[in-house]
Amino acid sequence: MRIVLVGPPGAGKGTQAAFLAKNLSIPHISTGDLFRANISQGTDLGKQARAFMDAGRLVPDEVTIAMAKDRMAQSDAENGFLLDGFPRNVGQAVALDEMLLGEGVKLDAVLDLEVPEDEVVKRIAGRRICRNDSSHVFHVTYNAPKTEGVCDVCGGELYQRDDDTEETVRTRLEVYHTQTEPIIDHYRCQGLVVTISALGKVTEVTDRAMEALKKSDEG
Ligand code: AP5
């Protein structure tokens, strides 16, 4: 399956993507994780992206689209992928449409995670991520690690993202409403949007998402 995951910062896209990708046997492709990996490796791409990310703004399209295309061209994504954080504006959505059209394939669904704004702020404020693997995501209250500051999965150090400050989160939410939400209408016109509530336990949201994807695949 080829799926796009969309939702505000802190909605639980990364958390759900880890489970959905495993259940569906497709790679989880997160442009945020790709940028963070480039930053920690000190690459030119990371240097270009860092200032935009720290400010909560979108990294310019030419950089982002090239990076996402490169990743999607890898062999593990040949038969499907779960995109998390891409596309993030209508220009990126059009670039993705053109790329898929060129390859003679189509998206199967756009899974839209709905969460009230006060909840996303709480989720982001308490988020902790593993330095070894950014797919190991915890929350100080909702999904606390057994030992404070230590990843349950691999023992890595847990840290708070640089862009999880109150001020940056406000900018990220504004960017989401003005630039990312319009892609939902773009895909609604293509009959691809499936909206679910992302409230409740992580496992409940995964079950809801799997059920919604199954129905959209049958329909
Ligand atoms: P990115 O990394 O994509 O961040 P984001 O979209 O802001 O999303 P988050 O990672 O903050 O949240 P999430 O929805 O994944 O939530 P999570 O699962 O962690 O992008 C970062 C930056 O990179 C952007 O601002 C931009 O600068 C740049 N960028 C990336 N892609 C780009 C693009 N395409 N174009 C241009 N620039 C781009 O969950 C949050 C917390 O909640 C966790 O602590 C988790 O444990 C907890 N949680 C999850 N689910 C539940 C639940 N059901 N109940 C309780 N707690 C929960």
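Residues numbered from 1 in each chain as written. Predicted model: local features only at pLDDT ≥ 70, side-chain atom pairs only at ≥ 80, totals over all residues. Heavy atoms only, no water.

## Re the site of the ligand
Quick reminder of the rule: Here, proximity means that at least one heavy atom of the residue falls within 4 Å of the molecule or strand. Comment: elements are numbered from the N terminus, with helices defined as DSSP H or I runs of at least four residues and strands as E runs of at least two. Under the scheme applied, nonpolar residues are Ala, Val, Leu, Ile, Met, Phe, Trp, Tyr, Cys and Pro; charged residues are Asp, Glu, Lys and Arg; polar residues are all the others, including Gly.
In the vicinity of the ligand, 34 residues are found, and the nearest of them are Thr15, Arg57, Arg88, Arg127 and Arg172. Elements represented by at least two residues in the shell around the ligand include exactly α1 (13-24), α2 (31-41) and β6 (137-139). Looking at the shell around the ligand residue by residue, the class counts come to 13 nonpolar, 11 polar and 10 charged.

## Section: the UniProt feature "binding site: ATP" (unreviewed entry) in the protein
Selection rule: UniProt positions are given in the numbering used here, feature names are shortened, and annotations may be inferred rather than shown by experiment. Any residue under 20% of the maximum accessible area for its type is buried, any over 50% is exposed, and the rest in between are partly exposed; the area is computed with a 1.4 Å probe on protein chains only. By definition in these notes, contact holds between two residues if any of their heavy atoms fall within 4.5 Å.
When the UniProt feature table is mapped onto this chain, "binding site: ATP" (unreviewed entry) is found at Gly10, Ala11, Gly12, Lys13, Gly14, Thr15, Arg127, Val137, Phe138 and Gly200. The residue Ala11 is located in the loop between β1 (2-6) and α1 in this model. The class for Ala11 is buried, based on a relative accessible area of 1%. With residues up to four places along the chain from it excluded, the contact list for Ala11 reads Leu113, Val115, Val120, Arg123 and Ala198. Looking at the element boundaries, Arg127 is found in strand β5 (residues 127-130).

## Considerations on the environment of Gln16
As a reminder of what qualifies: Any pair of nitrogen or oxygen atoms within 3.5 Å is treated as a polar contact; in protein, a donor-acceptor pairing is required on top of that, and neighbouring residues in sequence qualify only through side-chain atoms on both sides.
As for its position among the elements, Gln16 is in helix α1. Taking the C-alpha atoms as reference points, Gln16 and Val205, separated by 189 residues in sequence, lie 7.6 Å from one another. In this view, Gln16 contacts Leu113, Val202, Val205 and Thr206; residues no more than four positions away in its chain are not counted. At 3.1 Å, the side chain of Gln16 and the backbone oxygen of Val202 are in polar contact.

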